[in-house]
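Coordinate analysis (summary)
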Amino acid sequence: MEGIATLRVGEAVNQYLLIKQATKGVTTMGKPFMTLILQDKSGSIESKLWDAGDEQVQMYPAGGIVHISGEIQDYRGKLQLRIKQIRPVKEGEPIQVSDLVQSSDTPKEQLYEELQSYLFDIHNPAINRITRQLVKKHEIAFMTYPAATKNHHDYASGLIDHVTSMLRLGKAIADLYPTINRDLLYAGIILHDIGKVVELSGPVSTVYTVKGNLLGHITIMVSEIEVIAEELGIEGEEVMLLQHMVLSHHGKEEWGSPKKPMIQEAEILHYIDNIDAKMNMLKRALSKTEAGEFTERLFALDNRAFYKPTIE
């Protein structure tokens, strides 16, 4: 797909873009500027708007559409858009937000249908009922929200794209290691990030909500599991184990996990989550890199650049 994310250093830009994120900053000399993350359906790119005072902050908010003329440049191993001219979209221009929002390659309805097939493979009644109820409660948001504000699956329907990809990985791993409890693993995969539909604002110009900032998706979902279990009259170890799966899926305290994994299904969930997130970032970076060249530096992957081999 052609677009802003596929352009190379030195190429000109003359197109409409959606402001995905807009943040204020101040230079070491005390001059104000804005950092804009701009996107179209191909992906996003960072740009700086210098000497940006209050007027520019109001003129270029997140969620707004702009027309930009500029050029792609390399800044410390990462692509940036150097702005030459920028203006807000005018009324009547043939462009709308949906034309510029990136979404999963697979239709969300197809992903949701695939997820349902895994629900049928959860045989423990308590785990099945809790998981189904939480999926049903958040169905629309679950199908449309991103999995993050940046880095991995940060596009419309990215959350369900992430989860279904993880379920495929989980099935393959469970086939190799029969001692894994598939009920716990599948439910943990499905539930681990659903709290993000409360933590994040939505699929367009995604930011953290107040509740997201104060509680975070892990705490939100642990609480929801308990509430749903009480509503369904479910007691027993299953409730605690599902909560542990969610609590520990980041793996380490320094990575945001209140607890480290202490059952094998939680350990596997952490690895699957990490693999899928990193492979999504690599897939997108390599898709806009020519064979025989390196990707831009990927901050979430230790700021490494990855080589794209010429062999097939």
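Described in the following lines is the structure provided in the data block. Along each chain, residue indices are assigned from 1 in the same order as the chain's sequence is written. In view of the model being predicted, local features appear only for residues whose pLDDT reaches at least 70, and side-chain atom pairs are presented and counted only at 80 or more, with totals across whole chains, interfaces and linings using the full set of residues. No hydrogens and no water enter the side-chain calculation; it runs on all heavy atoms of the structure.

Each aromatic ring pair is summarised here by two numbers: the centre-to-centre distance and the angle between the ring planes. Each Phe, Tyr or Trp ring (for Trp, its six-membered ring) is paired with any other whose centre lies within 6.5 Å, and the angle between the two planes then decides the class: stacked below 30 degrees, edge-to-face above 60, tilted in between. What the rule picks out here adds up to three aromatic pairs. On the basis of an interplanar angle of 45° and a centroid distance of 5.3 Å, the ring pair of Phe33 and Trp50 is categorised as tilted. Note that Phe33 is positioned in strand β2 (residues 32-40) and Trp50 in strand β3 (residues 43-50), a separation of 17 residues in sequence. Plain terms: the ring middles of Tyr118 and Tyr186 are 5.2 Å apart, the flat faces sit at 90° to each other, and that makes the pair edge-to-face. Highlighted residues: Tyr118 in helix α2 (residues 108-119) and Tyr186 in helix α6 (residues 182-191), separated in sequence by 68 residues. Each member of the pair, Tyr118 as well as Tyr186, is classed as buried. Over the ring of Phe120 we find Arg132; its NZ or CZ atom is 4.8 Å from the centre of that ring. Going along the chain from the N terminus, every DSSP run of H or I of four or more residues is numbered as a helix, and every run of E of two or more is numbered as a strand. Relative accessibility decides the category of a residue: with a 1.4 Å probe and only protein chains considered, values under 20% of the type maximum give buried, values over 50% give exposed, and everything between is partly exposed. Note on geometry: a ring has a charge over it if NZ (lysine) or CZ (arginine) is within 6 Å of the ring centre and within 35 degrees of the ring normal.

Should DSSP find at least two bridges between two strands, the strands are regarded as paired. Spatially, five strands are ordered β1-β2-β3-β5-β4 in a closed barrel, and the strand pairing comes out mixed. Neighbouring strand axes in the sheet, compared pairwise and without regard to direction, differ in orientation by 50° on average. Throughout, an axis means a line fitted to C-alpha atoms (over the contacting stretch in the case of helices), and angles, computed between N-to-C directions, take values from 0 to 180 degrees.

This paragraph deals with empty space enclosed by the protein. A 1.4 Å probe that fits into a set of points on a 1 Å grid over the protein atoms alone but cannot get out defines a cavity; an open set with protein on both sides within 12 Å along at least five of seven lines defines a pocket, and lining residues are those with an atom within 4 Å of a point. Grid points are joined across faces, edges and corners, and a volume is the space filled by probe spheres set on the points. Evaluated as defined, the whole model comprises one cavity of 30 Å³ or more. If you add up the space inside the largest cavity, you get close to 80 Å³. Lining the largest cavity are 14 residues, and of these Lys20, Gln39, Asp154, Tyr155 and Pro203 sit closest to its centre. Residue classes follow a fixed rule: Ala, Val, Leu, Ile, Met, Phe, Trp, Tyr, Cys and Pro count as nonpolar, while Asp, Glu, Lys and Arg count as charged, and any other residue, Gly among them, counts as polar. Partitioning the lining of the largest cavity into residue classes produces seven nonpolar, five polar and two charged.

So, on to the nonpolar core. One recurring pattern in soluble globular proteins is that nonpolar side chains are buried together. Judged by nonpolar contacts, the single largest core of 49 residues is most densely connected at Ile130, Ile190 and Ile225. Secondary structure elements with two or more residues in this core: α2, α3 (125-137), α4 (139-144), α5 (158-176), α6, α9 (216-232), α10 (237-247) and α11 (264-287). Per-element tally for this core: the top contributor is α6, with seven residues. Side-chain atoms within 4.5 Å link the members of a nonpolar core, which is a set of buried Ala, Val, Leu, Ile, Met, Phe, Trp, Tyr and Cys residues.

Structurally, Asp161 is set in helix α5. Although buried, Asp161 forms no salt bridge, and the nearest oppositely charged side chain, Arg168, lies 5.4 Å from it. Beyond its immediate stretch of four places on either side in the chain, Asp161 contacts Ser104, Leu111, His153 and Tyr155. As used throughout, the charge tally considers Lys and Arg to be positive and Asp and Glu to be negative, leaving His and the chain termini uncounted. Any carboxyl oxygen of Asp or Glu that lies within 4 Å of a side-chain nitrogen of Lys or Arg is treated as forming a salt bridge with it. Contacts are residue-level and defined by heavy atoms, with any inter-residue pair within 4.5 Å sufficient.

Once that is clear, we can look at the pairing of strand β4 (residues 65-75). In terms of strand pairing, strand β1 (residues 12-26) meets β4 through seven bridges, oriented antiparallel. Counterpart to Leu17 in the pairing with β4 is Val66. Here β4 runs beside strand β5 (residues 78-88); their pairing, made up of 10 bridges, is antiparallel. Bridged to Ile72 within β5 is Leu81. Taken together, β4 and the strand that follows it, β5, pair antiparallel across an intervening segment of two residues, in which Arg76 is found at a positive phi of about 55°.

Listed as buried for α10 are Val239, Leu241, Leu242, Gln243, His244, Met245 and Val246. Close packing links the buried residues of α10 with α3, α6, α9 and α11.

In this analysis, a patch consists of residues with relative accessible area above 30% that form no salt bridge, clustered at 9 Å for like charges and at 5 Å for the nonpolar side chains Val, Leu, Ile, Met, Phe, Trp and Tyr. Here, Shrake-Rupley sampling with a 1.4 Å probe gives the accessible areas, and only protein chains in the shown set may cover a residue. A grouping of Val210, Leu214 and Leu215 is seen on the molecular surface, where their side chains present a nonpolar patch of about 330 Å² in accessible area. Tracing the sequence through the fold places Leu215 in the loop between α8 (210-214) and α9. Residue class for Leu215 comes out partly exposed when judged on its relative accessible area of 43%.

By themselves these figures say nothing about function.
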